Amino acid sequence: MKTDYTYAAARIHVKELSLLTRADLEQLAGAADVRAALQLLSEKGWGDPEQELTAENMLRHEAEAAWEVVNDLEKDPAALSVLKLGKDYHNLKAAVKQVYTGSSLPAERLFQPGGTLDAGVILKAVEEKDWELLPAPLAQTAEEASVLLAHTGDGQLCDSLIDKACLGELYRAGKASPEEVLQEYAVVTCAAANIRIALRAARSRRPLSFLLDSMLPMEELDTKALAEAAYEGKDAVAEYLETTPFAALVPSLSGSMAAFEKSCDDLLIEHMKPQKNNSFTLGPLAAYLLARENEIKCVRMILTGKQNHLPDEVLRESLRMTYV
Amino acid sequence: MGTFLVAEAAAPAALISNGTLYALVGIALAVILSGIGSAIGVSQGGRAAAGVLTEKPELFARVLILELLPGTQGIYGLLVAFIALGKIQFGKAVLEPEAGLLYFAACLPIAIVGLISAIQQGKASVASIALVGKKPETFGRAMLLPAMVETYAILALLVSILTVANL
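Residues numbered from 1 in each chain as written. Chains lettered and ligands numbered in written order. Predicted model: local features only at pLDDT ≥ 70, side-chain atom pairs only at ≥ 80, totals over all residues. Heavy atoms only, no water.

Participant: Explanation requested: a nonpolar patch on the surface in the structure shown.
Facilitator: All names here are of chain B. Residues Ile16, Val31, Ile32, Ile36, Ile40, Leu78, Phe82, Leu85 and Phe90 make up a contiguous nonpolar surface patch of roughly 760 Å² in combined accessible area. If you list the elements that add at least two residues to the nonpolar patch, you get helix H1 (18-55) and helix H3 (72-88). Among the elements that take part in the nonpolar patch, H1 stands out by supplying four residues, more than any other. Secondary-structure assignment places Ile40 in helix H1. Under the relative-accessibility criterion, Ile40 is labelled partly exposed at 34%. (Patch = residues over 30% accessible without salt bridge, like charges linked within 9 Å, V, L, I, M, F, W, Y side chains within 5 Å. Areas by Shrake-Rupley, 256 points an atom, 1.4 Å probe, with all protein chains shown as cover. Salt bridge = Lys/Arg side-chain N within 4 Å of Asp/Glu carboxyl O. Helix = DSSP H or I, 4+ residues; strand = E, 2+ residues; numbered from the N terminus. Buried < 20%, exposed > 50% of the residue type's maximum accessible area, 1.4 Å probe, protein only.)

Participant: Can you walk me through the packing of aromatic side chains in this structure?
Facilitator: The relative placement of two aromatic rings is captured by the distance of their centres and the angle of their planes. One pass over the full model with this rule turns up zero aromatic pairs over all chains. In this structure, A:Lys276 is placed above the aromatic ring of A:Tyr323, and the distance from its NZ or CZ to the ring centre is 5.8 Å. (Phe/Tyr/Trp six-rings, centres within 6.5 Å; stacked < 30°, edge-to-face > 60°. Lys NZ or Arg CZ within 6 Å of the ring centre and 35° of its normal.)

Participant: Just to check I follow, could you spell out the interface of chain A and chain B for this structure?
Facilitator: The accessible area lost on association of the parts is a frequent measure of interface size. Counting residues at the interface gives 13 residues for chain A and 15 residues for chain B. When residues of chain A are sorted by the area they lose upon contact with chain B, A:Tyr7, A:Val14 and A:Phe280 head the list and together hold 38% of the total. Seen at the junction of chain A and chain B, the total is four salt bridges. The salt bridge involving A:Arg11 is made with B:Glu55; its shortest N-O contact spans 2.7 Å. The tally of links between chain A and chain B comes to five residue pairs in polar contact (both at pLDDT 80 or more). (Contact = heavy atoms within 4.5 Å. Buried area = accessible area lost by both parts, 1.4 Å probe. Polar contact = N/O pair within 3.5 Å; in protein donor to acceptor, adjacent residues only side chain to side chain.)

Participant: In this structure, what is going on with the side chain of A:Glu74? I would like to understand it.
Facilitator: Residue and element names in this part refer to chain A. Mapped onto the secondary structure, Glu74 falls in the loop between helix H4 (55-73) and helix H5 (81-101). Take Glu74: its relative accessible area is 10%, and that puts it in the buried class. Within polar-contact distance, the side chain of Glu74 engages the backbone nitrogen of Leu80 at 3.1 Å. With near-sequence residues (within four places) excluded, Glu74 lies in contact with Ala79, Leu80, Lys84 and Leu285.

Participant: Where do I start with the packing of helix H8 (residues 136-152) of chain A against helix H9 (residues 155-176) of chain A in this structure?
Facilitator: Describing two packed helices takes the angle between their axes plus the distance from one axis to the other. Residue and element names in this part refer to chain A. Contact geometry for H8 and H9: axes closest at 9 Å, N-to-C directions at 170°. Regarding the angle of H8 to H9, the classification is roughly antiparallel. Of the two elements, H8 crosses H9, and the hand of that crossing is right-handed. Side by side, H8 and H9 meet where Pro137, Thr141, Glu144, Ala145, Leu148 and Leu149 of the first sit next to Gly155, Leu157, Cys158, Leu161, Ile162, Ala165 and Glu169 of the second. Split by residue class, the contact of H8 with H9 holds nine nonpolar, two polar and two charged. (Axes fitted to C-alpha atoms, helices over the stretch in contact; angles between N-to-C directions. Parallel < 35°, antiparallel > 145°, perpendicular 65-115°, else oblique. Left-handed = near helix turned anticlockwise from the far one by under 90°. Nonpolar A, V, L, I, M, F, W, Y, C, P; charged D, E, K, R; others polar.)

Participant: What's the story with the pattern of salt bridges in this structure? I'm lost.
Facilitator: Where charged atoms of side chains with opposite charge meet at close range, the side chains can pair. All names here are of chain A. Applying the stated criterion to the full structure yields 23 salt bridges over all chains. A salt bridge links Asp265 to Lys297, with the nearest nitrogen and oxygen atoms 2.9 Å apart. Of this pair, Asp265 sits in helix H15 (residues 257-272) while Lys297 sits in helix H16 (residues 283-307), and the two are 32 residues apart along the sequence. Between Asp265 and Arg320 there is a salt bridge, with the nearest N and O atoms lying 2.9 Å from each other.

Participant: Looking at this model, I keep getting lost on helix H7 (residues 119-128) of chain A. Mind explaining?
Facilitator: Residues and elements named next belong to chain A. For H7, the complete set of buried residues consists of Ala119, Ile122, Leu123, Ala125 and Val126. The arc that holds the buried residues of H7, viewed along the axis, is 160°, so those residues lie on one side. Of the surrounding secondary structure, the elements contacted by the buried residues of H7 are H5 and H8. A distance of 3.1 Å separates the backbone nitrogen of Gly120 from a side-chain oxygen at the start of H7, and that oxygen is part of Asp118. Trailing H7 by a residue or two, Lys129 shows a phi angle of about 50°, which is positive. (Arc of directions from axis to C-beta.)

Participant: It is not clear to me how unusual backbone geometry should be interpreted in this structure. Could you clarify?
Facilitator: Among all residues save glycine, negative phi is the norm, and among peptide bonds the norm is trans. Residues and elements named next belong to chain A. A positive phi angle, near 50°, is found at Lys129, a position not held by glycine. Along the chain, the position of Lys129 falls in the loop between H7 and H8. You can call Lys129 exposed: its relative accessible area is 51%. Even without a glycine there, the phi angle at His309 is positive, about 55°. By the element assignment, His309 lies in the loop between H16 and helix H17 (312-317).

Participant: I'm lost on the layout of surface pockets in this one. Help?
Facilitator: It is a probe the size of a water molecule, rolled over the atoms, that shows where empty space is left. All names here are of chain A. Space inside the second largest pocket adds up to approximately 270 Å³. Taken together, 18 residues line the second largest pocket, and the ones lying closest to its centre are Asp76, Ala78, Ala79, Ser177 and Pro178. Of all the elements in the fold, those that place two or more residues in the lining of the second largest pocket are H5 and H9. Top element by residues in the lining of the second largest pocket is H9. It accounts for four residues. (1 Å grid on protein atoms, 1.4 Å probe; cavity = no way out; pocket = protein on both sides within 12 Å on 5 of 7 lines; lining within 4 Å. Points joined across faces, edges and corners; volume = space filled by probe spheres on them.)

Participant: Honestly, empty space enclosed by the protein in this entry has me stumped. Any pointers?
Facilitator: All names here are of chain A. This structure, assessed with the given rule, holds two cavities of 30 Å³ or more. Volume-wise, the largest cavity comes out at about 70 Å³. Taken together, Leu19, Leu20, Leu25, Ala291, Asn294, Glu295, Cys298, Arg320, Met321, Thr322, Tyr323 and Val324 make up the full set of residues lining the largest cavity. The element contributing the most residues to the lining of the largest cavity is H16, with four residues. Of the residues in the lining of the largest cavity, the class split is eight nonpolar, two polar and two charged.

Participant: Quick question: what am I supposed to make of a negative patch on the surface here?
Facilitator: On the surface, A:Glu232, A:Asp235, A:Glu239 and A:Glu242 cluster together into a negatively charged patch. Its location among the elements puts A:Glu242 in the loop between helix H13 (234-241) and helix H14 (250-253). (Lys, Arg positive; Asp, Glu negative; His and termini not counted. Charge placed at Lys NZ, Arg CZ, Asp CG, Glu CD.)

Participant: Help me out: how do you make sense of the nonpolar core in this one?
Facilitator: Where a protein is soluble and globular, its nonpolar side chains tend to be buried together. All names here are of chain A. Counting residues in each nonpolar core, the largest one holds 87 residues, and the members touching the most others are Leu83, Leu92, Ile195, Leu221, Leu226 and Leu241. Examining the composition of this core, we find that 14 residues originate from one element, helix H10 (residues 180-204), more than from any other. Setting aside chain neighbours within four positions, we find Leu226 in contact with Asn194, Ile195, Ala198, Met215, Leu221, Val237, Tyr240 and Leu241. Counting 21 residues, the second-largest nonpolar core is a separate cluster that includes Leu20, Ala37, Ile296 and Leu315. (Core = buried A, V, L, I, M, F, W, Y, C linked by side-chain atoms within 4.5 Å.)

Participant: How should the confidence of the model for chain A be read in this particular structure?
Facilitator: Note: predicted coordinates in regions of low pLDDT should not be interpreted at a detailed level. Taken as a whole, chain A shows an average pLDDT of 90; of its residues, 98% reach a score of 70 or greater. Per-element mean pLDDT across chain A ranges from 72 in helix H6 (residues 107-110) of chain A up to 94 in helix H1 (residues 6-15) of chain A. (pLDDT = per-residue confidence, 0-100.)

Here is the structure:
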């Protein structure tokens, strides 16, 4: 029997009222300093009143709170696993580096909440090489990454291996999901990753074989055509993308990588917006979670910009599209 | 007394004719199908209302009204059943098979339209409850949207009542 999400969707639609709007973010970008920005956020209900008012405390609390809400409403823990996979692979990266290169950072700064597995389990599996503690695809990646880092000591290569495995698993899980919104999330995320590789390669003129090896094959984007375009240059990438469902990203290709990242985030939020009118499926939960992550990312950018005394105009230009 | 009634007093067992049976099946369908539709519709509304009330308990009265809108079809089915039971004089008279089939047919509009319209009204109520949860000031307009579905249940009710009354 199909799981009913009427209660969850109705509750989430009310919670959407507390999401930050574009006006809120602009007001935040115009705050005098970090302290004033944190105060503004605190007035909007951000952060834990019992904790010290710092950017790190506030952002961590909000990330955990978003997952708490969704975990509370999610009836089938596997239903939103597509959104959690990224956290698992991030935590795997952190665990492998912690074990093989050592890190003085506390666990709460290394690991992210919201994965399908507790970060402690991933760390234990890597420390003890007990791969049976992990699900099959993650275990295989963990073993390969551990061996690679132990033998080469190349963190970048290790990251690249884990990132590709993550995208592959995300694409497979997303396409297998019955939820259209999760399918779209997986497609947009993987396409953005492939285009990102193409853009970087277009600048550095990497060999075609390297490009094809780095990209994730997917139905919605011909990676061979994209790799060939990247080999020719950025204009050829733009020309190819015009013929794909990702043409909305083309205007951002002429700018910086930051502009491209903003464009990818905006495209994802644009795909999520129809969920505001959906009252019966898991879609609103997934969209809410992505919207929360998007706004947390945006607030993090603003607070970092404030700490580094970036001009308000620069901060405003980098603001993402909001869900509400 | 209806024109198709053939006997008014007899032993109880003899009063359960084929005609009476057909009529009773129609009456039962009017109550059962419209009741099922209402139960599903109100249940959907109830779940959405609970979601909104978790975050905004102060909206209880408004979401309760929206939740109850799909409940009317069950009442319409009951109303038709009462009128039809009165007309066939169940337990007092015997119906000819043709008469029983006519009562059966007369009950079908509210049975079928009641079932489907209540489920669909439940979905419209869920959407309106979400709207009220976000914008409580739109309650009046939000209530009109699922109420539009009621039109078709009322049309079916009228047809069923008029037909039963004229048999």
